[in-house]
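A look at the structure
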Number of protein chains: 2
Amino acid sequence: MAVSEQLQTAYRMLAGDTFDSRCASRPVMDQVTTRWGTLVIAALVTGPHRFSALHQRVGGISQKMLSQNLKSLVRAGLVERHVEPTVPPQVTYSLTALGESLAEPLCELLRWFGEHTEAMLDAQRRHDAAA
Amino acid sequence: MAVSEQLQTAYRMLAGDTFDSRCASRPVMDQVTTRWGTLVIAALVTGPHRFSALHQRVGGISQKMLSQNLKSLVRAGLVERHVEPTVPPQVTYSLTALGESLAEPLCELLRWFGEHTEAMLDAQRRHDAAA
DNA sequence: CGGAATCCCCGTGGATACTG
DNA sequence: CAGTATCCACGGGGATTCCG
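Residues numbered from 1 in each chain as written. Chains lettered and ligands numbered in written order. Predicted model: local features only at pLDDT ≥ 70, side-chain atom pairs only at ≥ 80, totals over all residues. Heavy atoms only, no water.

**Re a negative patch on the surface**
A contiguous patch of negative charge on the surface is contributed by Glu104 and Glu108 of chain A together with Glu104 and Glu108 of chain B. Among the elements of the structure, α6 (97–130) of chain A together with α6 (97–130) of chain B are those that each provide at least two residues to the negative patch. Counting through the fold element by element, Glu104 of chain A comes out in helix α6. Assessed through its relative accessible area of 39%, Glu104 of chain A is described here as partly exposed. (Patch = residues over 30% accessible without salt bridge, like charges linked within 9 Å, V, L, I, M, F, W, Y side chains within 5 Å. Areas by Shrake-Rupley, 256 points an atom, 1.4 Å probe, with all protein chains shown as cover. Salt bridge = Lys/Arg side-chain N within 4 Å of Asp/Glu carboxyl O. Lys, Arg positive; Asp, Glu negative; His and termini not counted. Charge placed at Lys NZ, Arg CZ, Asp CG, Glu CD. Helix = DSSP H or I, 4+ residues; strand = E, 2+ residues; numbered from the N terminus. Buried < 20%, exposed > 50% of the residue type's maximum accessible area, 1.4 Å probe, protein only.)

Pasting the structure below:
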């Protein structure tokens, strides 16, 4: 198998942990791996963004979901919210150090999808055709 | 910023793609990044598993969600379903080559959570206390 | 501009029971 | 053992409206 010992090691580190339903990481993981969390984090990789900029960039997200996700990400210490006391108010969101460290594996995952989406769609078509 | 050009590059590859709501990768991404998809894939990294083995390992997942996730993963060509025609029936699930290639970035992500969950929980506590 | 609040719907997802 | 089927509740998530 091509997966090698590296993955095996990674797996063992998680064995008694992530797979346990009582593990504390579960709720925290859900927040990030939720439908939008991934994209919001990824969108912030290039630097600070304003609310409306994020709203446009992520594409398809509603204001509600965006603000909701941002709130929980701020709470988790992944995103920093900066308010410029002007009129009209200027609110900027940026990744914290913790958020940036998360962005790394996250971007690799997104990149994987970018590269393999076609393969997956092909597989689905073939699967549906066979059925 | 510490994120460096590597991430910038990764980002640009996604720019006109993943963030577009009409992008084909969205539904496919949702299937995997859904609550259980990640864990199911990760659980299969160590090798083939039977249904009940997965049911126990993932912990907290219902039979319904497990079979549902497995079905869509098989459809996407990430997981292979192997039936041994015995009585009682023995059904084994394993990662395909495509699935294994996905497992790599996915495991890194899970590893990140394993290492940083504490930091996130701390941040949440501090945030809640400040409020 | 950047949200918070409200309304409402539909899908996710759990529990249970049944089948091959 | 490996599911499928049915029922049901909750909350994710969209559209709209209002506020500072």
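There is more to say after this.
**Things to note about the interface of chain B and chain A**
On the chain A side, the residues contacting the 63 residues of chain B number 65 residues. For the pair chain B and chain A, the summed buried area comes to about 6100 Å², and 69% of that belongs to carbon and sulfur atoms. For the pair chain B and chain A, the number of links is 4 salt bridges. Taking the shortest distance from any N to any O, the salt bridge between Arg35 of chain B and Asp30 of chain A comes out at 3.4 Å. Scanning the region where chain B abuts chain A turns up 12 residue pairs in polar contact (both at pLDDT 80 or more). Counting residues per element, the ones that place at least two in the side of chain B that touches chain A are α1 (4–15), α2 (25–33), α3 (37–44), α4 (51–58), α5 (63–75) and α6 of chain B. Grouping the amino acids of the side of chain B that touches chain A by side-chain chemistry returns 36 nonpolar, 16 polar and 11 charged. (Contact = heavy atoms within 4.5 Å. Buried area = accessible area lost by both parts, 1.4 Å probe. Polar contact = N/O pair within 3.5 Å; in protein donor to acceptor, adjacent residues only side chain to side chain. Nonpolar A, V, L, I, M, F, W, Y, C, P; charged D, E, K, R; others polar.)

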